[in-house]
Amino acid sequence: MEFRFSEKEEAFYREVDEFLRKELPPDWDQKCLAWPGGYASLGYRGDDVAEGYAHYRQKLLEKGWNTISWPKEFGGRAYSYMEQAIFDERTSYYRAPMMDVIAGGMVAPTILKVGTEEQKKKWIPRIAASEITMFLGYSEPNAGSDLAGIRTTALQDGDEYVINGQKVWSSGANAVDYAWLLVRTDPTAPRHRSVSFFLVDMKTPGITVRPLTTILGNQHFCEVFFDNVRVPAENLVGQKNRGFYHLMTALDFERVILVGIGGFKRMYEELAEFAKKTNRNGRPLSDDPFVRLKLARLATEIEIGYTLVWRTAEMLDKGKAPSVESSVLKLVATELSRKMAEATMDIFGPYGLIDDDIDIAPLRGLAPRGYLDCISATIGAGTSEIQRNIIAQRGLGLPRN
Ligand SMILES: Cc1cc2nc3c(=O)[nH]c(=O)nc-3n(C[C@H](O)[C@H](O)[C@H](O)COP(=O)(O)OP(=O)(O)OC[C@H]3O[C@@H](n4cnc5c(N)ncnc54)[C@H](O)[C@@H]3O)c2cc1C
């Protein structure tokens, strides 16, 4: 075992670092309102953000770095997962916008794994070119942790399927082109052998989207209703009624992708700097044993997160599907998101309660926003309890509860 990058990986790390310093506007990370690990943050602040984003996106597409680990024949760069992990670490460190996490990061790898050759040819180039966007239509009012309990049906009628039912907590469904939809295709068969995946054009008649306002005041997720929605049979991805097994693959990719470990390091560095520079009761905060203890704990857990990221990337490069490992990584990173928010609020004291438009708010008012947002991370993509169950059953061989 060797705990370091190869020369090629070192060179790639430097290349990405230089690219980000050059192509992101200089004050970009100061405009970012996202909390590490959070899902529902408001993104970026400032009049020129759209311009900066468009420039960065264009440069990223030119480099082909939006799909770096995909096979070359499908518009990717065929880079290793370790290089993908390095890229994710650096971009999250600089708080660069994440490009097309759902279609590019979750749906495309699943299509590449289980789709037909025609489906790969039809969907992958369009995703690679960022022409289409998607939302994940898994959760329903009575099926979240237990996704095998979904009730939305897609029943075959000639060369079409007719979809009826409801999804909920659908992130971004009000602003995307397609649904990556998990539906029941055989209501009479056992739960785990009766669901399938469809790609559904959101312009199809019969779809109603109702955005839900979050505690951050934005409309991050939605309810989506399907009323006799007709979809071509060719839009069924993977094997009919094997969707639950494809879902496990897609969820593993989701849990790996949403970590953004560099963002934790960046936030930690800002916090440590703040503690060194800020005097309270006549001495720097960094002299306070209470503050030092909290910072040391965070630093330790960030190191653990890094080790898990590199380990998971190494597994993927060896052709192994991350299963327990992606749950461990998701659990550690999202719980760290909460611990970091709590520690930051404790260190800031009353200053942590100040909103971002008041100039004495520390770290641009990120703490109260992060305190609200960090909750989302431990729920989305499977709650912490569910990750612990997976670790107990698949990893430790304990009986099902
Ligand atoms: C910010 C955010 C974005 C999201 N985006 C999407 C999206 O884009 N698409 C999508 O489909 N879904 C999305 N979700 C939904 C998310 O995946 C579900 O909320 C999550 O899987 C939990 O399901 P549930 O809400 O139905 O809770 P439930 O499954 O009802 O669980 C309720 C509580 O019981 C616990 N629990 C349940 N079963 C067990 C068990 N067996 N053992 C121990 N504890 C258990 C859970 O941990 C939880 O604390 C999002 C959620 C959030 C917060």
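Above this note sits the structure.
The paragraphs below set out a description of the structure included in this document. (Residues numbered from 1 in each chain as written. Predicted model: local features only at pLDDT ≥ 70, side-chain atom pairs only at ≥ 80, totals over all residues. Heavy atoms only, no water.)

### Focus: the overall build of the protein
From N to C terminus, the protein includes 12 helices and 10 strands. Here the protein has a C-alpha radius of gyration of 22 Å; the compact-globule value for 401 residues is 21 Å, and the two agree. In terms of overall dimensions, the protein has C-alpha extents of about 75 × 50 × 45 Å along its principal axes. Classification of the 401 residues of the protein by burial places 53% in the buried group. Accessible surface, the protein: about 19,000 Å² in total, of which carbon and sulfur atoms supply 52%. Looking at charge distribution, the protein has the averaged site of its 50 positive side-chain charges lying 4 Å from that of its 54 negative ones. (Helix = DSSP H or I, 4+ residues; strand = E, 2+ residues; numbered from the N terminus. Rg over C-alpha atoms; globule rule 2.2 N^0.38 Å. Buried < 20%, exposed > 50% of the residue type's maximum accessible area, 1.4 Å probe, protein only. Areas by Shrake-Rupley, 256 points an atom, 1.4 Å probe, with all protein chains shown as cover. Lys, Arg positive; Asp, Glu negative; His and termini not counted. Charge placed at Lys NZ, Arg CZ, Asp CG, Glu CD.)

### Regarding the pairing of strand β2 (residues 153–157)
With 5 bridges joining them, β2 and strand β3 (residues 160–171) adopt antiparallel strand pairing. Residue pairing in the sheet places L155 in a bridge with V162 of β3. The hairpin turn running from β2 into β3, its antiparallel successor, is 2 residues long, and G158 in that turn takes a positive phi close to 65°. (Pairing = 2+ DSSP bridges.)

### Brief notes about the packing of helix α10 (residues 324–348) against helix α11 (residues 366–377)
Contact pair α10 / α11: the axes reach a minimum separation of 9 Å and the direction vectors enclose 155°. Of the possible angle classes, the one that applies to α10 and α11 is roughly antiparallel. Considering only the axes of α10 and α11, their crossing is left-handed. Note on element contacts: α11 touches α10 through A367, P368, G370, Y371, C374, I375 and A377, opposite K330, T334, S337, R338, A341, E342, T344, M345 and F348. Its residues assigned to classes, the contact of α10 with α11 shows 9 nonpolar, 4 polar and 3 charged. (Axes fitted to C-alpha atoms, helices over the stretch in contact; angles between N-to-C directions. Parallel < 35°, antiparallel > 145°, perpendicular 65-115°, else oblique. Left-handed = near helix turned anticlockwise from the far one by under 90°. Contact = heavy atoms within 4.5 Å. Nonpolar A, V, L, I, M, F, W, Y, C, P; charged D, E, K, R; others polar.)

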